[in-house]
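Survey of secondary and tertiary structure
Okay, here's what each chain looks like letter by letter:
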Amino acid sequence: IDTQLGRIRGVEGVEWAVPVYVNFFNAIFPDGTQRQTRVIGIDDATLIGGPPVMVEGTLADLRQDRAVLMNADMADSALMLKKAEGGPRPMRVGDRLSLNDNEVKVVGSYRSTKEFFWEPIFYTTYSRAKFLYKDQRKSLTYVIVKTKPGVSIDVVKNNINQIRGIKALSSSEFEAITQEWILRETGILVNFGITIALGVVIGLLVAGQTFYTFVLDNLVHFGSLKAMGVSNARAVGMLAVQTLVVAGIGYGIGVGVACISGMVLKSGGLAFEMSWPIPIFSGLAILVCCLLAGMLGMIRVIRLEPAVVFK
């Protein structure tokens, strides 16, 4: 509740603290369509917590009567007015809509990073957000806190956590629990897990069959090498090098296609990000799959009798 904001501001080590309101609203757009949207209310006085990149208008425009900011990237997709007069068109600055049966006006647009969720997001002031959702008693969702220079974040966190009903988190901790919640409460972990498992299984089967066929087609050559004195270790090493070369070529082609596909999808409005752990772990997975698949051929080479050349 709002009284806790004053308690946080009084905590030792806190330079300033501002409220943030986040909730879902029922929106009725100018063409009569209805959608669920998210509304973020930021501090009226400082406007801290607003979108980082403005496309049209300024954050100060939120101080106008009934003002909201819309996501510019969603104007021609999630905010498309499909039933507008004169044909479908994206929402524009100056359009009006209804949030929880209260008329608001779009006074600007912003651009932000892509999100996992797809609801349109509107920014407004904290007091206006509370008014639009006046039936809710507890309207304070988050508090953004700035520590004083030279004061440890952990010390301030511990001081704030002494307040009942409050949990203080650093930016990295808040990001981590958000990711954990998405993985736990949505189906993305199961879906991606099944996709990865199927990819590994299919990759093992295809690669294993390919390597085994290669060994069968070249048994005579491997037998000749063993008849000339090449040890099993040297023959297996040769096959392992071939496996690594094939894995490297396949990995390079796969990463290249993935990057190109990602850039195409990103240009189309979808979110795409390839952080450094993805190519590393995918490369290790491909290496393991190829080595496991190559083991079938390696076992056949080890068991091969050199006399097979003379049969």
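The structure this text deals with has already been given above.
Here the structure is a predicted model, which means the values were calculated and not measured.

Scoring rules and cut-offs
Residues numbered from 1 in each chain as written. Predicted model: local features only at pLDDT ≥ 70, side-chain atom pairs only at ≥ 80, totals over all residues. Heavy atoms only, no water. Axes fitted to C-alpha atoms, helices over the stretch in contact; angles between N-to-C directions. Helix = DSSP H or I, 4+ residues; strand = E, 2+ residues; numbered from the N terminus. Parallel < 35°, antiparallel > 145°, perpendicular 65-115°, else oblique. Left-handed = near helix turned anticlockwise from the far one by under 90°. Contact = heavy atoms within 4.5 Å. Nonpolar A, V, L, I, M, F, W, Y, C, P; charged D, E, K, R; others polar. Buried < 20%, exposed > 50% of the residue type's maximum accessible area, 1.4 Å probe, protein only. Pairing = 2+ DSSP bridges. Salt bridge = Lys/Arg side-chain N within 4 Å of Asp/Glu carboxyl O.

1. So, the packing of helix α5 (residues 188–217) against helix α7 (residues 232–267)
Packing of α5 against α7 brings their axes to within 12 Å, and their N-to-C directions diverge by 140 degrees. As judged from the angle between their axes, α5 and α7 are oblique. The hand of the α5/α7 crossing is right-handed. Of the residues in α7, those touching α5 at Phe-211, Phe-214 and Val-215 are Leu-239, Gln-242, Thr-243 and Val-246. Looking at the contact of α5 with α7, its residues break down into 5 nonpolar, 2 polar and no charged.

2. Quick look at the packing of α7 against helix α8 (residues 277–303)
With their axes 9 Å apart at the nearest point, α7 and α8 run at an angle of 145 degrees to one another. Between α7 and α8 the crossing geometry is right-handed. Of the residues contributing to the contact of α7 with α8, the split by class is 16 nonpolar, 6 polar and no charged.

3. Observations regarding the pairing of strand β7 (residues 121–125)
Taking burial as the measure, the 5 residues of β7 include 5 buried ones, the bulk of the element. Note: strand β2 (residues 34–42) against β7, 5 bridges, orientation parallel. Following the sheet pairing, Gly-41 is matched in β7 by Thr-124.

4. As for the environment of Val-107
Here Val-107 lies in strand β6 (residues 102–111). Note: C-alpha distance between Val-107 and Ala-27 (80 residues apart in sequence) is 17 Å. Here Val-107 is in contact with Gly-57, Asp-61, Gln-64, Ala-67, Val-68, Leu-69 and Val-93, once residues within four sequence places are set aside.

5. Looking at the pattern of salt bridges
In the structure shown here, the tally under the stated rule is 9 salt bridges. Between Asp-73 and Arg-111 there is a salt bridge; the shortest N-O distance is 2.9 Å. Residue Asp-73 is located in the loop between β4 (67–71) and β5 (96–99), and its partner Arg-111 is located in strand β6; the two are separated by 38 residues in the primary sequence. Judged by its relative accessible area of 39%, Arg-111 falls in the partly exposed class. The salt bridge involving Asp-95 is made with Arg-89; its shortest N-O contact spans 3.2 Å. The class of Arg-89 is buried, set by a relative accessible area of 18%.

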